[in-house]
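For reference, the chains in residue letters:
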There are 2 protein chains.
Amino acid sequence: MDRVPDEPAKQTRRDQILAAAAELFARHGFHGVGIDDIGAAVGISGPALYRHFRSKDAMLGEMLTSISERLLEGGQSRVAASNDPEHALRELIRWHVDFALDDPALITVQIRNLANLTDPDRRRVRALQRRYVEVWVETIRKTSPEVEEPTARAAAHAVFGLINSTPHSAHLDRDQMATLLSQMALASLAGALP
Amino acid sequence: MDRVPDEPAKQTRRDQILAAAAELFARHGFHGVGIDDIGAAVGISGPALYRHFRSKDAMLGEMLTSISERLLEGGQSRVAASNDPEHALRELIRWHVDFALDDPALITVQIRNLANLTDPDRRRVRALQRRYVEVWVETIRKTSPEVEEPTARAAAHAVFGLINSTPHSAHLDRDQMATLLSQMALASLAGALP
DNA sequence: CCGTGCGGTTAACGGCCGTTTACGTGCACT
DNA sequence: AGTGCACGTAAACGGCCGTTAACCGCACGG
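Cut-offs used in this document
- Residues numbered from 1 in each chain as written.
- Chains lettered and ligands numbered in written order.
- Predicted model: local features only at pLDDT ≥ 70, side-chain atom pairs only at ≥ 80, totals over all residues.
- Heavy atoms only, no water.
- Near = heavy atom within 4 Å.
- Polar contact = N/O pair within 3.5 Å; in protein donor to acceptor, adjacent residues only side chain to side chain.
- Nonpolar A, V, L, I, M, F, W, Y, C, P; charged D, E, K, R; others polar.
- Least-squares fit on C-alpha atoms with pLDDT ≥ 70 in both.
- Contact = heavy atoms within 4.5 Å.
- Buried area = accessible area lost by both parts, 1.4 Å probe.
- Salt bridge = Lys/Arg side-chain N within 4 Å of Asp/Glu carboxyl O.
- Helix = DSSP H or I, 4+ residues; strand = E, 2+ residues; numbered from the N terminus.

Near DNA strand D lie 15 residues; those nearest to it are A:Arg13, A:Arg51, A:His52, B:Ile35 and B:Tyr50. Of all DNA strand D atoms lying within 4 Å of any protein atom, the proportion belonging to sugar or phosphate reaches 56%. A:His52 is positioned with one of its side-chain polar atoms (N or O) 2.8 Å from a phosphate oxygen of DNA strand D. Residue composition of the surface near DNA strand D, grouped by class: seven nonpolar, four polar and four charged.

Here it is in structure tokens:
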């Protein structure tokens with residue numbers, strides 16, 4: 001069978017494990033999932049995971065830092081590609097909505113399992129999250145310059161909460177959900193900030 | 001010292017334990033808190049808790065059912081006391097905002113630790129939550145009758161997410177936060193639903 | 001006084017679960 | 001062909017932690 005040489009199967013196994021673990025962590029919580037459960041989810045069993053990860057904590061750490069990095073980088077690039085702040089804000093909203101709808105498990109894990117991280121991992125993740133929030137805060141303040149920074153920050157967190165609610169509902173199909181959440185997010189900012 | 005006879009100290013101990021446990025569960029997660037930690041938080045140590053609760057699971061169960069009951073009952077009574085749907089919706093928002101601001105730990109625990117409940121407890125809590133959501137859905141659909149029920153339900157979940165974001169920010173003082181969240185919640189509904 | 005029971009203590013048990021160890025197997029590369 | 005590494009397995013270890021046991025003091029109604 002034809003193989004693509006520049007995309008080794010090596011990466012695939014790690015990612016497969018991370019994806020399965022994310023799903024399980026989201027559903028049962030970090031401590032509610034055993035190493036054997038994760039192994040079983042990818043067809044290998046138990047301690048075989050230690051060929052790919054140093055520890056269970058390392059799996060969570062890698063998972064959360066990669067989410068945070070993807071969120072931050074995506075947000076930054078959308079803002080950079082926009083001319084006016086209003087457009088940038090719409091793009092940020094769309095970006096976050098798409099992310100939450102496409103990877104609900106990752107969103108859930110990131111929200112619920114920060115406390116289970118190792119101290120250095122938690123510091124790293126929090127730093128990335130802070131920078132992501134700052135991207136939002138700056139954009140919000142450019143669209144409404146008279147709003148104070150703490151208010152903008154609180155508003156940003158509120159919008160995150162709104163968009164991240166997606167894993168708990170999911171009654172609509174993807175596109176309807178995307179436009180609903182985007183509209184609500186935009187309206188909550190436009191309607192509540194002076 | 002003068003004691004009030006109709007408010008026995010007996011209830012106080014249980015409630016004191018539940019409050020301390022809620023704080024700890026919110027910060028470290030259910031499994032991240034030991035029975036000894038909870039005891040230490042109220043000045044007694046370890047297994048003494050079993051004089052007041054059947055098990056650690058029972059503590060979480062009682063905590064979550066009582067939150068859900070309070071939320072539901074408060075929501076129902078606000079709606080019942082309102083004449084027009086617009087007023088009812090504003091009251092619902094205010095009620096939920098006040099609850100989230102006054103008991104951030106309880107909100108956090110309810111969101112994060114549903115998975116740690118015993119099966120019968122989880123059924124009970126979910127049933128209460130469903131009824132609470134229905135109160136919101138009905139009110140939303142009375143204010144905008146042309147919106148479909150699944151859309152209203154998704155919008156309600158989104159607003160919960162928005163308001164429940166409070167424990168993660170808290171940069172503003174209570175009153176500013178309350179008006180900000182209320183305005184954002186109202187705007188997200190008014191601005192996004194036809 | 002005196003038992004009774006409530007609320008507390010410390011010590012021990014027992015299971016779950018992350019991690020380590022020792023061991024196999026097959027593909028890749030001289 | 002043979003060497004070695006990548007990847008798996010099964011079994012044993014070890015600690016943490018919820019729960020139980022055994023024991024104790026003190027308030028309080030007869």
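Having seen it, we continue.
The next subject is the protein's contact with DNA strand C. Around DNA strand C there are 15 residues in total, and A:Ile35, A:Tyr50, B:Arg13, B:Arg51 and B:His52 lie nearest to it. Protein-adjacent atoms of DNA strand C, using a 4 Å cutoff, are sugar or phosphate at a proportion of 56%. Between DNA strand C and the protein, one listed contact pairs a phosphate oxygen with a backbone N or O atom of A:Val33 at 3.4 Å. Note that a phosphate oxygen of DNA strand C is positioned 2.8 Å from one of the side-chain N or O atoms of A:Lys56. Of the residues contributing to the surface near DNA strand C, the split by class is seven nonpolar, four polar and four charged.

In the superposition of chain B on chain A (RMSD 0.0 Å, axial shift 0.0 Å), the rotation amounts to 180°. A rotation of that kind, with that shift, is consistent with a two-fold axis.

Listed as interface residues are 33 residues of chain B and, on the opposing side, 33 residues of chain A. When chain B packs against chain A, the two sides together hide about 2,500 Å² of surface, and 73% of this comes from carbon and sulfur. Taken together, chain B and chain A are joined by zero salt bridges. Counting across the interface, chain B meets chain A through two residue pairs in polar contact (both at pLDDT 80 or more). Per-class residue counts for the side of chain B that touches chain A are 17 nonpolar, 13 polar and three charged.

All names here are of chain B. Per the counting criterion, the structure on display carries 20 salt bridges over all chains. The shortest N-O distance in the salt bridge between Asp98 and Arg94 comes to 3.9 Å. Of the two residues, Asp98 and Arg94 are both situated in helix 4 (residues 85-102); the distance of four residues between them amounts to about one turn of the helix. Notably, a salt bridge pairs Glu134 with Arg153, separated by 2.6 Å at the nearest N-O pair. Of this pair, Glu134 sits in helix 6 (residues 119-143) while Arg153 is found in helix 7 (residues 149-164), placing the two residues 19 residues apart along the sequence.

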